[in-house]
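# Reading the structure
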Amino acid sequence: AQSVAQPEDQVNVAEGNPLTVKCTYSVSGNPYLFWYVQYPNRGLQFLLKYITGDNLVKGSYGFEAEFNKSQTSFHLKKPSALVSDSALYFCAVRDLLFSGGYNKLIFGAGTRLAVHP
Amino acid sequence: KAGVTQTPRYLIKTRGQQVTLSCSPISGHRSVSWYQQTPGQGLQFLFEYFSETQRNKGNFPGRFSGRQFSNSRSEMNVSTLELGDSALYLCASSGQGLYSPLHFGNGTRLTVT
C-alpha cells in the first residue's frame, strides 16, 4: 500500500533559522508528491509538488523541497523561518494504485511547525 | 480568480439527523474531491467527482454520499449522523492535467451532538 510518514509531530525553530519538515514515502512506481500548509480554521494551501525532474523543487512563500529517491524522502525546507510560517504542514502522495482518477491523495499525519521570535 | 467556496462554515446537528454540505469549485475546474479531517484519523479521502460522475470513492459507509451538478458545484450528504462524524469536511477542486494540484476550500466544521 502507498503511504506517507511524517516522523515529527512538532518542529520548533527560532525565527531567522533554517527549517526542515521531514517526510518519507512508500509507493509502487514513480512518486507524485505534494506539500500543503494549513492555518487555524482554514483549508489546506498548496505549497509545491514533485512530479519528475530536478530533485530540488521550489514553491510558494520561499519554501522548497528536496526529493531523494534513494532515501524515499521529500523534506520541506526554508532557509530563514518566519513567525508567520507557524502552521500545520502536510506531505501527500498521489495514490496511483487507485484507478479511475488522479485526485486521491494520501496524506501524512501532519507536522506542527512553531517558529519562535 | 475566486477560490473554492464551502458553505456553511459551521454546522451543529444531532445524532440521527442528516446534513448536506455544499462546495463551489474554482471556475473552470471540473474535478471536485471531498476529504474528512479529524484529530484521530487525519485527512481521509471521501470521494471525487468529475463531470457529474463519481470517479473514486474512499472507505466510508454508504451514509456518506455526494453528487456534482452540471456547473461543477458539488454537494455531499451524510445521513443518520453519528457522533464520530464530527469533523472538518474539506472540498478541493483541480484543473485539467494529470498533475494539477488540489485547491482546497476552508471547510465545513460539522459537530454532531
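Above this text is the structure in question.
In this text, all values refer to a predicted model and were calculated from it rather than measured experimentally. (Residues numbered from 1 in each chain as written. Chains lettered and ligands numbered in written order. Predicted model: local features only at pLDDT ≥ 70, side-chain atom pairs only at ≥ 80, totals over all residues. Heavy atoms only, no water.)

### Structural notes on the overall build of chain B
When its secondary structure is counted, chain B shows zero helices and eleven strands. Secondary structure elements of chain B, listed N to C terminal, follow the sequence β-β-β-β-β-β-β-β-β-β-β. Its C-alpha atoms give chain B a radius of gyration of 13 Å, near enough to 13 Å, the size a compact globule of 113 residues would have. Within the span of chain B, comprising 113 residues, buried residues form 50% of the whole. Counting only contacts in chain B whose residues sit at least 6 apart along the sequence, the fraction spanning at least 24 positions is 53%. Within the structure as shown, chain B displays about 5,200 Å² of accessible surface, and the carbon and sulfur contribution to it stands at 47%. Mean positive and mean negative side-chain charge positions of chain B (11 and 5 charges, respectively) differ by 5 Å. (Helix = DSSP H or I, 4+ residues; strand = E, 2+ residues; numbered from the N terminus. Rg over C-alpha atoms; globule rule 2.2 N^0.38 Å. Buried < 20%, exposed > 50% of the residue type's maximum accessible area, 1.4 Å probe, protein only. Contact = heavy atoms within 4.5 Å. Areas by Shrake-Rupley, 256 points an atom, 1.4 Å probe, with all protein chains shown as cover. Lys, Arg positive; Asp, Glu negative; His and termini not counted. Charge placed at Lys NZ, Arg CZ, Asp CG, Glu CD.)

### Remarks on the state of the cysteines
Residue and element names in this part refer to chain A. For the structure on display, the rule yields two disulfides over all chains. Note that Cys 23 is cross-linked by a disulfide to Cys 91, the S-S spacing being 2.0 Å. Residues Cys 23 and Cys 91 are joined through a disulfide that is left-handed, its torsion about the S-S bond being -60°. One end of the pair, Cys 23, is in the loop between strand S3 (19–21) and strand S4 (24–26); the other, Cys 91, is in strand S10 (residues 87–94), with 68 residues separating them in the sequence. (Disulfide = S-S within 2.5 Å.)

### Structural notes on the sheet that holds strand S1 (residues 5–7) of chain B
Residues and elements named next belong to chain B. Ordered by their spatial adjacency, four strands build an open sheet running S1-S3-S8-S7, and the pairing between neighbours is antiparallel. The strands lining the two open edges of the sheet, one partner per strand, are S1 and strand S7 (64–68). Across the sheet, the axes of successive neighbouring strands diverge by a mean angle of 20°, strand direction being ignored. With three bridges joining them, S1 and strand S3 (residues 19–24) adopt antiparallel strand pairing. Counted as the bridge partner of Thr 7 is Ser 22 from S3. (Pairing = 2+ DSSP bridges. Axes fitted to C-alpha atoms, helices over the stretch in contact; angles between N-to-C directions.)

### Description of the environment of Pro 61 of chain B
Mapping Pro 61 of chain B onto the fold places it in the loop between strand S6 (53–57) and S7. Once the C-alpha coordinates of Pro 61 of chain B and Cys 91 of chain B are considered, the two residues, 30 residues apart in sequence, prove to be 18 Å apart.

### So, the interface of chain B and chain A
Each partner contributes residues to the interface: chain B has 23 residues there, and chain A has 22 residues. When the two sides are added together, the surface that chain B and chain A hide from each other amounts to roughly 2,000 Å², 54% of it contributed by carbon and sulfur. At the boundary of chain B and chain A, one finds zero salt bridges. Put simply, chain B and chain A have seven residue pairs in polar contact (both at pLDDT 80 or more) between them. Mapped onto the side of chain B that touches chain A, the elements with two or more residues apiece are strand S4 (31–38), strand S5 (42–50), S6 and strand S9 (87–94) of chain B. (Buried area = accessible area lost by both parts, 1.4 Å probe. Salt bridge = Lys/Arg side-chain N within 4 Å of Asp/Glu carboxyl O. Polar contact = N/O pair within 3.5 Å; in protein donor to acceptor, adjacent residues only side chain to side chain.)

### Re the nonpolar core
Grouped together as the largest cluster of nonpolar side chains are 27 residues, with contacts concentrated most on Trp 35, Leu 47, Leu 48, Phe 74, Leu 76 and Tyr 89 of chain A. When residues of this core are traced back to their parent elements, those giving at least two are strand S2 (10–14), S3, strand S5 (33–38), strand S6 (44–50), strand S8 (64–68), strand S9 (73–78), S10 and strand S12 (111–116) of chain A. Those residues in contact with Phe 74 of chain A that lie beyond four places of it in its chain are Cys 23, Leu 33, Phe 34, Trp 35, Leu 48, Lys 49, Tyr 50, Val 57, Ala 65, Glu 66, Phe 67 and Cys 91 of chain A. Core analysis: the next-biggest nonpolar cluster, separate from the first, contains 21 residues, Val 4, Val 19, Tyr 49 and Leu 81 of chain B among them. (Core = buried A, V, L, I, M, F, W, Y, C linked by side-chain atoms within 4.5 Å.)

### Some points on the side chain of Ser 93 of chain B
All names here are of chain B. Along the chain, the position of Ser 93 falls in strand S9. Note on Ser 93: relative accessible area 0%, which makes it buried. The contact partners of Ser 93, leaving out residues within four places of it in the chain, are Val 4, Pro 25, Ile 26, His 29, Ser 31, Val 32, Pro 101, Leu 102 and His 103.

### Some thoughts on the packing of aromatic side chains
The tally for this structure, following the rule as stated, stands at 15 aromatic pairs over all chains. An angle of 55° between the planes, with centres 6.3 Å apart, marks the rings of Tyr 50 of chain A and Phe 74 of chain A as tilted. Note that Tyr 50 of chain A is positioned in strand S6 and Phe 74 of chain A in strand S9, a separation of 24 residues in sequence. A centroid spacing of 5.5 Å and a plane angle of 70° characterise the contact between Tyr 35 of chain B and Phe 45 of chain B, whose relative ring orientation is edge-to-face. Of this pair, Tyr 35 of chain B sits in strand S4 while Phe 45 of chain B sits in strand S5, and the two are ten residues apart along the sequence. We classify Phe 45 of chain B as buried; its relative accessible area is 5%. Chaining the aromatic ring pairs together yields one cluster made of Phe 34, Tyr 36, Phe 46, Phe 90 and Phe 107 of chain A together with Tyr 35, Phe 45 and Phe 104 of chain B. Across the ring face of Phe 50 of chain B, the terminal group of Arg 55 of chain B is positioned such that the distance to the ring centre comes to 4.5 Å. (Phe/Tyr/Trp six-rings, centres within 6.5 Å; stacked < 30°, edge-to-face > 60°. Lys NZ or Arg CZ within 6 Å of the ring centre and 35° of its normal.)

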